[in-house]
Amino acid sequence: MKIFDIEQLAEADKITAERQGLKQGELMERVGTLVFNDIHSKLNGAQIPIKIFCGIGNNGGDGLVVGRLLIEHGYQVIVYIVNYSKSRTQDFLLNYDRIKGVSNDWPIQIKGVEDFPELTEKDFIIDAMFGIGLNRPLEKWVGDLVSYINNSKAFILSIDMPSGMFANKMPKEGAPAIKANVTITFQAPKLIFFLPQAASYIGDLQVLEIGLDREYLSTAPVHNQLIGKPEALLLYQPRTNDSHKGDYGHSLIIGGSYGKIGSILLASTSALRTGAGLVTIFSPKCGYDILQTNLPEAMVITDENNEELSNIEFDITPDVICFGMGAGTSKKTLEAFTNLLKITKTPMVIDADGINLLSKEKSLLKNLPENTVLTPHPKELERLIGKWKDDFDKLEKVKKFSKKYGVIVVIKGAHTITVYKEDLYINNTGNPGMATAGSGDVLSGVITSLISQRYEPLIAAVLGVYLHGRTGDIMAEKVSYQGLISGDIANNMGLSFLDLFEKEIQSEGN
């Protein structure tokens, strides 16, 4: 799904009105009706106090439409106008007049702290103050109103965007913004909805299709995409009936150290379960018995050193090399990694301590093969690119890093974002249960496996992140968030492939 910027959405509104011959207020009526239908389907006429806070722009106009329709259907509604300016949009004024036709009273004006209404946790609050058009910090009394609403502990539904949030930047630290339980946005999600700093403000996200011009939306260029099942299915490469293991590549997974052999075991298991034809593991000698016993399908080569990587030599020709899980950052391992990069032209996936070694010795970045995939968690990313001001600044720094070194960066998180130069691919699978030891090792194995199967590295990263998260979702439904461990994901990667085609799925042992 495309993620449009606010200028594109404004242009889509304009073109839609022109091509569909919409009169003033008709698109707003359509939007407000869709929001009302969603609310009405859930409340089903329940007589709870509904309080709507409307701004004086188009977002406020949406709120007025919703308020009018709720009143017409017998709900207990009080509408407040947050009067922060003398300016009014035409669509706001149109719907301001319309709501008087179904109400005995005009909406109540709020012009300062003295006008704040009483709120309780039993209220259902609809936030329609600003939407995506906000481009400057809130006035102090409006900010105080936002904090007052948040402190009420009432259920809050925000229309289009929680008030106080911006579409293309983060509020300053400590700046007030609505913390919504639900955000209903229109046509397409906004990038900010998927950034870690915004998570506590958005709540559950719903995207309503509002009938904007399809031709414009389909041809408008974007740099940001949300990856769900339809997009993942388009990336999938089916197998042929006459294929053999050699067609699906040879993955070499290098890592491990004394006490940390499990990391490469997880990565290798997920690589095989994702479909790699062959997997060879290179580990210190201490890993040999563990790996051969627990994963007989893999081949094992060992370093001459018993406890850590010190000299990475092999006589195979892998299609992809994955390095870093559990490797440690000792001087010997750094030297071994440096020598590996000097001779490697093979596509690479680098995770965990591999990224930490790059951070320690940044001169090695120039030796990375083109389109190497890096899979850092937030702290590893910070060591690699330095600190950032906020999540938007972080993305800009990663874009520059990607362009400078020609690499693909997978920023792991609740919504993992794959960055390649100017393009962002935001993942829409995964759950809190995946915040567990070894989950990232499994992801590296998945991406490695797809590259070995002749997927382009960028496609492998984007699809791999989706499949990894979807397997986590499937398994969490069976064992709970708390009960989910990384081995559940590694051993059941096949379920996410079946899910792509909506086939009956069962986990191992069921």
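Counting from 1, residues in each chain are numbered in the order their sequence is written. Local features in this predicted model are restricted to residues whose pLDDT is 70 or higher, and side-chain atom pairs enter the listing and the counts only when it is 80 or higher, whereas totals over whole chains, interfaces and linings include all residues. The side-chain numbers reported here are obtained from all heavy atoms of the structure, hydrogens and water having been left aside.

J.: Got a minute to help me understand the pattern of salt bridges in this structure?
T.: Two side chains bearing opposite charge may form a pair once their charged atoms approach each other closely. Any Lys or Arg side-chain nitrogen found within 4 Å of a carboxyl oxygen on Asp or Glu counts as a salt bridge. For the structure on display, the rule yields 18 salt bridges. Residue Lys412 pairs with Asp351 through a salt bridge whose shortest N-O separation is 3.3 Å. Highlighted residues: Lys412 in the loop between strand 16 (408-411) and strand 17 (417-420) and Asp351 in strand 14 (residues 348-351), separated in sequence by 61 residues. Pair check on accessibility: Lys412 and Asp351 agree, each one buried. Secondary structure elements are taken from DSSP: a helix is a run of H or I of four residues or more, a strand is a run of E of two residues or more, and numbering for both begins at the N terminus. Partly exposed describes any residue whose relative accessible area lies between the buried limit of under 20% and the exposed limit of over 50%, with all areas from a 1.4 Å probe on protein chains only and scaled to the type maximum.

J.: Help me out: how do you make sense of the sheet that holds strand 13 (residues 320-323) in this one?
T.: Working definition: the strands of a sheet are paired by backbone hydrogen bonds and lie parallel or antiparallel to each other. A pair of strands counts as paired when DSSP detects no fewer than two bridges linking them. Here we have 11 strands laid out as an open sheet, ordered 1-9-18-17-16-15-14-13-10-11-12, and mixed in their pairing. In this open sheet, the two strands that pair with only one neighbour each are strand 1 (2-3) and strand 12 (299-302). In the sheet, strand 14 pairs with strand 15 (residues 373-375) via three bridges, with the strands oriented parallel. Looking across to strand 15, one finds that Asp351 is bridged to Thr375.

J.: What's the story with the sheet that holds strand 8 (residues 204-208) in this structure? I'm lost.
T.: Taken in spatial order, the seven strands line up as 4-3-2-5-6-7-8 in an open sheet, and their pairing is parallel. The sheet terminates laterally at strand 4 (108-110) and strand 8, the two strands that pair on one side only. Averaged over all pairs of adjacent strands, the angle between their axes in this sheet comes to 20°, without regard to strand direction. Direction of pairing for strand 5 (residues 124-128) relative to strand 6 (residues 155-159): parallel, over a ladder of four bridges. Bridge pairing in strand 6 places Phe124 opposite Phe155. This element, helix 5 (residues 140-151), spans strand 2 (49-54), strand 3 (76-82), strand 4, strand 5 and strand 6 of the sheet and lies at about 155° to strand 3. An axis is simply a line fitted to the C-alpha atoms; with a helix, the fit covers only the stretch in contact. Between two such axes, the angle follows the N-to-C directions and lies from 0 to 180 degrees. Should any heavy atoms of two residues lie within 4.5 Å, those residues are considered in contact.

J.: I tried to follow the packing of helix 2 (residues 26-43) against helix 3 (residues 58-72) on my own but got confused; where do I start?
T.: A pair of packed helices is captured by two measures, namely the crossing angle of their axes and the spacing between those axes. At a minimum axis separation of 8 Å, helix 2 and helix 3 run at an interaxial angle of 55°. The angle between the axes of helix 2 and helix 3 places the two elements in the oblique class. Two packed elements cross with a definite hand, and for helix 2 against helix 3 that hand is right-handed. Across from Met28, Glu29, Val31, Gly32, Thr33, Val35, Phe36 and Ile39 in helix 2, the residues of helix 3 making contact are Asn58, Gly61, Asp62, Val65, Val66, Arg68, Leu69 and Leu70. Following the grouping adopted for this structure description, the nonpolar residues are Ala, Val, Leu, Ile, Met, Phe, Trp, Tyr, Cys and Pro, the charged ones are Asp, Glu, Lys and Arg, and the polar ones are all others, Gly among them. Looking at the contact of helix 2 with helix 3 residue by residue, the class counts come to nine nonpolar, four polar and three charged. Oblique is the label for any angle not under 35 degrees, not over 145, and not in the 65 to 115 range, which are roughly parallel, roughly antiparallel and roughly perpendicular in turn. Helix crossings get a hand from a simple test, with the near helix turned counterclockwise from the far one by less than a right angle marking a left-handed crossing and a clockwise turn marking a right-handed one.

J.: Whenever I open this one, the layout of surface pockets confuses me. Can you help?
T.: Over the atoms rolls a probe the size of a water molecule, and in doing so it shows where empty space is left. A cavity here means a set of 1 Å grid points, computed over protein atoms only, where a 1.4 Å probe fits but cannot escape. A pocket is an open set with protein on both sides within 12 Å along at least 5 of 7 lines, and lining residues have an atom within 4 Å of a point. Grid points are joined across faces, edges and corners, and a volume is the space filled by probe spheres set on the points. The calculated volume of the largest pocket comes to roughly 980 Å³. For the lining of the largest pocket, the secondary structure elements donating two or more residues are helix 1 (6-19), helix 2 and helix 3. At six residues, the largest contribution of residues to the lining of the largest pocket is made by helix 1. Considered class by class, the residues forming the lining of the largest pocket number 20 nonpolar, 12 polar and 11 charged.

J.: Any chance you could explain the packing of helix 11 (residues 331-343) against helix 12 (residues 353-360) here in plain terms?
T.: Between helix 11 and helix 12, the shortest axis-to-axis distance is 11 Å and the interhelical angle comes to 90°. Viewed along their axes, helix 11 and helix 12 adopt a mutual orientation that is roughly perpendicular. In contact with Thr333, Leu334, Phe337 and Leu341 of helix 11, helix 12 contributes Gly354, Leu357 and Leu358. For the contact of helix 11 with helix 12, the per-class residue count stands at five nonpolar, two polar and no charged.

J.: What exactly am I supposed to notice about the packing of aromatic side chains here?
T.: One pair of aromatic rings is described through two measures. These are the centre distance and the angle between the planes. Side-chain rings of Phe, Tyr and Trp, where Trp is taken by its six-membered ring, are said to pair if the distance between their centres is within 6.5 Å; with planes under 30 degrees apart they count as stacked, over 60 as edge-to-face, and otherwise as tilted. By the definition in use, this model includes 10 aromatic pairs. With a centroid separation of 5.0 Å and an interplanar angle of 20°, the aromatic rings of Phe53 and Tyr80 are classed as stacked. On the criterion of sequence distance, the pair formed by Phe53 in strand 2 and Tyr80 in strand 3 is long-range, its members being 27 residues apart. Residue Tyr80 is classed as buried on the basis of its relative accessible area of 5%. A network of ring pairs unites the aromatic residues Phe92, Tyr96 and Trp106 as a single cluster. The lysine or arginine in question, Lys100, covers the ring of Trp106, its NZ or CZ lying 5.5 Å from the ring centre. Placement of a charge over a ring requires the Lys NZ or Arg CZ to be within 6 Å of the ring centre, with the centre-to-atom vector within 35 degrees of the ring normal. Here the basic side chain of Lys179 rests over the ring of Tyr201, its NZ or CZ set 5.6 Å away from the ring centre.

J.: Looking at this structure, I do not really get the environment of Val35. What am I missing?
T.: Its location among the elements puts Val35 in helix 2. Ignoring anything within four residues of it in the chain, the contact list for Val35 reads Val66, Ile159, Ile184, Phe186 and Leu208.

J.: Help me understand the side chain of Ser268, please; the structure alone is not making it clear to me.
T.: Relative to the assigned elements, Ser268 resides in helix 9 (residues 262-273). We classify Ser268 as buried; its relative accessible area is 0%. Residues contacting Ser268, with those up to four places away along its chain left out, are Ile253, Val279, Ile281 and Leu295.

J.: Help me out: how do you make sense of the pairing of strand 18 (residues 423-427) in this one?
T.: Looking along a regular strand, one sees the side chains alternate between the two faces of the sheet. Buried residues dominate strand 18, accounting for four of its five residues. Two elements, strand 17 and strand 18, share four bridges in a ladder whose sense is antiparallel. For Val419, the partnering residue across the bridge sits in strand 18 and is Leu424. Connecting strand 17 to the next strand, strand 18, in antiparallel fashion are two residues, including Lys421 with a positive phi near 55°.

J.: Just to check I follow, could you spell out helix 12 for this structure?
T.: For the α-helix, the turn length of 3.6 residues means that residues three or four positions removed from each other point alike. The element helix 12 is extensively covered by neighbouring structure, given that seven of its eight residues are classed as buried. Each element contacted by the buried residues of helix 12 is listed here: strand 13, helix 11, strand 14, strand 15 and helix 13 (378-385).

J.: Can you walk me through the nonpolar core in this structure?
T.: Buried together is how nonpolar side chains tend to be arranged in soluble globular proteins. Here, nonpolar core refers to any group of buried Ala, Val, Leu, Ile, Met, Phe, Trp, Tyr and Cys residues whose side-chain atoms link them within 4.5 Å. The biggest cluster of nonpolar side chains holds 118 residues, and the ones touching the most others in it are Phe53, Leu70, Ile126, Phe323 and Leu358. Beyond its immediate stretch of four places on either side in the chain, Leu70 contacts Phe36, Ile39, Ile50, Ile52, Tyr75, Val77 and Ile126. Formed by 52 residues, the second largest nonpolar core is a distinct cluster that contains Ile281, Ile447, Ala461 and Leu463.

Remember, this is a structural readout, not a statement about activity or role.
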